[in-house]
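The lines below spell out each chain.
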Amino acid sequence: MTGDLRDGRIVIVGASLAGLRAAETLRDEGFTGSLTVVGDEPCPPYDRPPLSKQVLLGQAAADTTGLPMRRDPDADWLLGVRATGLDPLGKRVMLADGESLSYDRLLIATGTRARPWPNPEEAALDGVFTLRTRDDAAGLAERLAAGPQRVLVVGGGFTGSEIASACRERGLDVTVTERGPAPLVGALGGTLSKLAAVMQRNHGVDLRCGVTITALRGDGNGRFIGAELSDGSRIDADVCVAALGAIRNVEWLADSGLAAGPRGIACDAGCRAFNMYGIVTDDVFVAGDVSRFPHPLFGYQMLSLEHWGNAVAQAEVAAHNMVNPGPLRRPHLALPTFWSTQFGLNIKSVGVPTFSDHVVIAQGSLEARRLTMVYGYQGRVTAAVTVNMAKSLDYYTHLIETAASFPPPPGAADRAIAADIPIPSDVPDPKQLSHGPTVALTGYLPDRRLTVVQPTG
């Protein structure tokens with residue numbers, strides 16, 4: 001059986017970070033069969049984190065962000081071709097060019113795309129951008145380098161905040177609007193979001209919270225010139241970036257019978273996809289941003305992540321399990337980790353901050369702009385976020401992995417400080433935000449809605 005699994009035809013849909021790492025791992029694990037990677041973008045896999053950082057700052061060109069290959073995966077690369085459907089019975093992937101690919105095992109790593117501005121006419125105005133792809137970053141960086149009068153960023157999540165930080169570093173005037181009470185509140189909760197708001201304003205950002213954009217205005221010749229806000233005010237700007245979160249690329253699976261929906265594709269801890277009835281498949285695997293998987297440290301709820309490290313770790317587990325029989329398969333149990341640099345802050349996170357009811361500042365202080373915040377749920381540690389104190393994170397990672405009691409005892413990396421009194425973590429309902437969280441717990445059930453047709457007669 002092992003020999004069979006190391007041969008045959010494997011198709012990876014998604015020429016992404018997860019897709020590339022899976023392809024490399026398949027060869028490392030001894031897969032000798034046919035390997036095909038399908039990608040809807042015309043370029044080979046590239047790294048996304050630099051797009052909102054170095055590329056927007058003009059420190060790197062967008063076309064220099066290609067991912068290095070750890071090894072040649074000896075794959076057929078079908079780039080610039082979109083997958084349009086899946087026939088799980090016939091084991092075929094349908095492509096936009098009318099062709100189809102047969103497979104013995106399939107890995108879906110289609111990731112996410114930027115949520116567009118909801119009004120298509122306004123979204124088409126010259127000067128309105130999203131930031132997800134290499135082309136997005138190249139176009140936006142070029143526009144920022146030209147010195148716009150003001151940049152409007154809609155959405156105060158991590159992407160929106162990093163864009164705003166890059167604009168201020170370039171000396172550009174920038175306005176950030178956020179429907180929620182503060183930037184980053186959906187990812188980090190109320191206490192740290194207050195620090196984020198202070199830092200943005202201290203760096204000269206015109207930050208408007210608790211408001212929405214009701215309309216983007218054009219000049220009559222197709223150029224963006226400003227926006228109208230829900231509080232009745234107006235903003236004049238010549239560049240707008242809609243940083244409204246991500247949409248998971250699952251539409252092509254609508255008729256596949258898989259448990260695919262707006263929150264991603266549900267899979268087990270071994271990365272095997274569920275069908276719409278909650279039955280696990282054995283030939284379709286999922287990895288990266290498009291997946292939803294159960295995690296024992298978070299109540300076995302389905303975890304959706306948009307993180308670089310998760311894409312790599314999950315791709316390696318999926319690839320291993322695709323070519324190994326049941327007893328040798330591994331679970332994907334890595335803790336979510338995340339980092340961001342903005343407005344002079346180095347923010348690092350481990351665990352799921354939104355899976356919390358209380359927080360405590362275990363080291364440092366908000367005033368010092370240097371701290372470790374620990375999150376707890378029902379008396380145990382579930383996450384930690386450091387601000388300019390990254391070396392403390394390993395200590396708290398161990399506490400999360402061992403389900404240590406909350407609040408944590410003193411004894412972290414550089415100095416032992418008794419934790420403050422825990423306060424509510426103040427995590428808002430995502431529906432109240434302009435941006436989606438980069439980590440979400442989404443319950444147990446597949447997203448597909450079943451329709452029961454009663455027989456007649």
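Keep in mind the model is a prediction, meaning the values are calculated, not measured.

Conventions we followed
Positions within a chain are numbered from 1, following the residues in the order the chain's sequence is written. Where totals are concerned, whole chains, interfaces and linings use all residues; where local detail is concerned, this predicted model gives features only for residues with pLDDT of at least 70, and gives and counts side-chain atom pairs only at 80 or more. Here the side-chain values reflect all heavy atoms present in the structure, with hydrogen atoms and water set aside. The buried label goes to any residue with under 20% of its type's maximum accessible area, the exposed label to any with over 50%, and the partly exposed label to all in between, with areas taken from a 1.4 Å probe on protein chains only. Helix and strand assignments follow DSSP, with helices taken as H or I runs no shorter than four residues and strands as E runs no shorter than two, numbered in order from the N terminus. Only strands joined by at least two bridges in the DSSP assignment are considered to pair. Confidence scores per residue from the predictor, reported as pLDDT, run from 0 to 100. Any two residues whose heavy atoms approach within 4.5 Å at even a single point are treated as in contact. Between 30 and 60 degrees the pair is tilted, below 30 it is stacked and above 60 it is edge-to-face, where a pair is any two Phe, Tyr or Trp rings, Trp via its six-membered ring, whose centres lie within 6.5 Å. For a Lys NZ or an Arg CZ to count as sitting over a ring, it must be within 6 Å of the ring centre and within 35 degrees of the ring normal. The axes are straight lines fitted to the C-alpha atoms, using for helices just the contacting stretch, and the angles between their N-to-C directions are given from 0 to 180°. Throughout, the edges of the domains are those of an automatic or database domain assignment. The term buried area refers to how much accessible surface (probe radius 1.4 Å) is lost by two components on association, counted for both of them together. In a helix, the anticipated span is given by 1.5 Å times the number of residues less one. The crossing is said to be left-handed when, going from far helix to near helix, the turn is anticlockwise and less than a right angle, and right-handed when the turn is clockwise. Each polar contact in these results corresponds to two N or O atoms within 3.5 Å; when the atoms are within protein, one needs to be able to donate a hydrogen and the other to accept it, and residues that are neighboring in sequence are counted only if both atoms are side-chain atoms. Put simply, a disulfide is two cysteine sulfurs that come within 2.5 Å. Working definition of a nonpolar core: buried Ala, Val, Leu, Ile, Met, Phe, Trp, Tyr and Cys residues. They are joined through side-chain atoms within 4.5 Å.

## Notes on the pairing of strand 11 (residues 174–178)
Now for step 1: In terms of residue burial, strand 11 counts as a mostly covered element, since five of its five residues are buried.
Now for step 2: Residues of strand 11 alternate between two faces, with Val174, Val176 and Glu178 on one and Thr175 and Thr177 on the opposite face, all of them buried.
Now for step 3: The pairing of strand 10 (residues 151–154) with strand 11 spans four bridges and is classified as parallel. Residue pairing in the sheet places Val154 in a bridge with Thr177 of strand 11.

## Looking at the confidence of the model for the protein
Now for step 1: Predicted confidence across the protein gives a mean pLDDT of 92, with 95% of residues reaching 70 or more.
Now for step 2: Taken as a whole, residues 413–418 scores under 50 in pLDDT and shows 18 contacts with residues more than four places along the chain or in a different chain.

## Brief notes about the packing of aromatic side chains
Now for step 1: One pass over the full model with this rule turns up four aromatic pairs.
Now for step 2: On the basis of an interplanar angle of 85° and a centroid distance of 4.9 Å, the ring pair of Tyr395 and Tyr396 is categorised as edge-to-face.
Now for step 3: Relative accessible area serves as the criterion here: at 2%, Tyr396 is assigned to the buried category.
Now for step 4: Feature note: the residues Phe298, Phe355 and Tyr377 constitute an aromatic cluster, connected by ring pairs.
Now for step 5: The ring of Trp339 has Lys53 lying over it, and the distance from NZ or CZ to the ring centre is 4.5 Å.
Now for step 6: Arg134 extends its terminal NZ or CZ atom over the ring of Tyr46, reaching a point 5.8 Å from the ring centre.

## As for the sheet that holds strand 15 (residues 234–236)
Now for step 1: If you trace the three strands from one edge of the open sheet to the other, you get 13-14-15, paired in antiparallel fashion. Of all the strands in the sheet, the pair left with one neighbour each is strand 13 (213–218) and strand 15. The sheet shows a mean angle of 20° between the axes of neighbouring strands, taken without regard to direction.
Now for step 2: As defined by bridge partners, strand 13 adjoins strand 14 (residues 224–229) across five bridges and the pair is classed as antiparallel. Paired with Ala215 across the two strands is Glu228, which belongs to strand 14.

## Focus on unusual backbone geometry
Now for step 1: The step from Phe406 to Pro407 runs through a cis peptide bond, and the omega angle for that step is 0°.
Now for step 2: For Pro407, the location among the structural elements is in the loop between helix 9 (393–401) and strand 29 (423–424).
Now for step 3: You will see that Lys91, though not glycine, has its phi angle at about 55°, which is positive.
Now for step 4: Note that Lys91 resides in the loop between strand 4 (83–87) and strand 5 (92–95).

## A look at the domain arrangement of the protein
Now for step 1: Domain annotation of the protein identifies domain 1 (2–47 + 66–113 + 247–328), domain 2 (120–244) and domain 3 (344–426).
Now for step 2: Placing the centre of domain 2 and that of domain 3 at their C-alpha centroids yields a distance of 30 Å.
Now for step 3: Around 1,100 Å² of area is buried between domain 2 and domain 3 when both sides are counted, 70% of it from carbon and sulfur atoms.
Now for step 4: Among the residues domain 2 hides against domain 3, the three largest losses belong to Thr191, Leu192 and Leu195. Together they make up 45% of the total.

## Some words on the side chain of Thr36
Now for step 1: With respect to the helices and strands, Thr36 occurs in strand 2 (residues 34–39).
Now for step 2: On the basis of relative accessibility, which here comes to 9%, the residue Thr36 falls in the buried class.
Now for step 3: Among residues more than four places away in sequence, those in contact with Thr36 are Ile10, Val11, Ile12, Asp76, Leu78 and Leu101.

## Some details on the sheet that holds strand 9 (residues 128–129)
Now for step 1: In spatial order, the strands read 9-16-10-11-12; together these five strands make up an open sheet with parallel pairing. Pairing within the sheet leaves two strands with one partner each, and these edge strands are strand 9 and strand 12 (206–209).
Now for step 2: In the sheet, strand 10 pairs with strand 16 (residues 239–242) via four bridges, with the strands oriented parallel. If you follow Val154 over to strand 16, its bridge partner there is Ala242.

## Comments concerning the pairing of strand 23 (residues 302–305)
A regular strand carries its side chains on alternate faces of the sheet.
Now for step 1: Of the two faces of strand 23, both are covered, the one formed by Met302 and Ser304 as well as the one formed by Leu303 and Leu305.
Now for step 2: Sheet topology note: the strand 23/strand 30 (residues 439–441) ladder contains three bridges and is antiparallel. When the bridges of strand 30 are listed, Ser304 appears paired with Ala440.

## With respect to helix 5 (residues 158–169)
Now for step 1: A rise of 1.5 Å per residue sets the reference length of helix 5, with its twelve residues, at 16 Å; its end C-alpha atoms lie 16 Å apart and thus fit the reference within 8%.
Now for step 2: By the criterion of burial, helix 5 is predominantly enclosed, with nine of the twelve residues buried.
Now for step 3: Residues of helix 5 that are buried include every one of Phe158, Gly160, Ser161, Glu162, Ile163, Ala164, Ser165, Ala166 and Cys167, and no others.
Now for step 4: Two residues or fewer past helix 5, Gly171 is found with a positive phi of approximately 80°.

## Comments concerning the packing of helix 2 (residues 17–28) against helix 8 (residues 308–322)
Now for step 1: Two elements in contact, helix 2 and helix 8, have axes separated by 8 Å at closest approach and are oriented at 35°. Helix-helix and strand crossings are classified by hand; for helix 2 and helix 8 the assignment is right-handed. Contacts between helix 2 and helix 8 involve Leu17, Ala18, Arg21, Ala22, Thr25 and Leu26 from the former and Trp308, Ala311, Val312, Ala315, Glu316, Ala319, His320 and Met322 from the latter.

## Details of the side chain of Thr25
Now for step 1: Relative to the helices and strands, Thr25 resides in helix 2.
Now for step 2: There is a polar contact of 2.7 Å between the side chain of Thr25 and the backbone oxygen of Arg21.
Now for step 3: In this structure Thr25 touches Glu316, Ala319 and His320, once residues within four positions along its chain are discounted.

## Focus on the state of the cysteines
Here a disulfide denotes a covalent bond joining the sulfur atom of one cysteine to the sulfur atom of another.
Now for step 1: Using the criterion set out here, one finds zero disulfides in the structure.
Now for step 2: Cysteine Cys209 remains unbridged, with the sulfur of Cys240 as its closest cysteine sulfur at 16 Å.
Now for step 3: Relative accessible area serves as the criterion here: at 24%, Cys209 is assigned to the partly exposed category.
Now for step 4: Cys267 takes part in no disulfide bond, and the closest cysteine sulfur, belonging to Cys271, lies 5.4 Å away.

## Topic: the nonpolar core
Now for step 1: Grouped together as the largest cluster of nonpolar side chains are 47 residues, with contacts concentrated most on Leu56, Val151, Val174, Leu188, Leu192 and Tyr375.
Now for step 2: A domain-level breakdown of this core finds at least three residues from each of domain 2 (120–244) and domain 3 (344–426).
Now for step 3: If near-sequence neighbours (up to four positions away) are discounted, Leu56 is found in contact with Leu51, Leu131, Ala137, Leu140, Ala141, Leu144, Ile163, Ala166 and Arg170.
Now for step 4: With 44 residues, the next largest nonpolar core counts Val93, Ile265, Val381 and Tyr396 among its residues.

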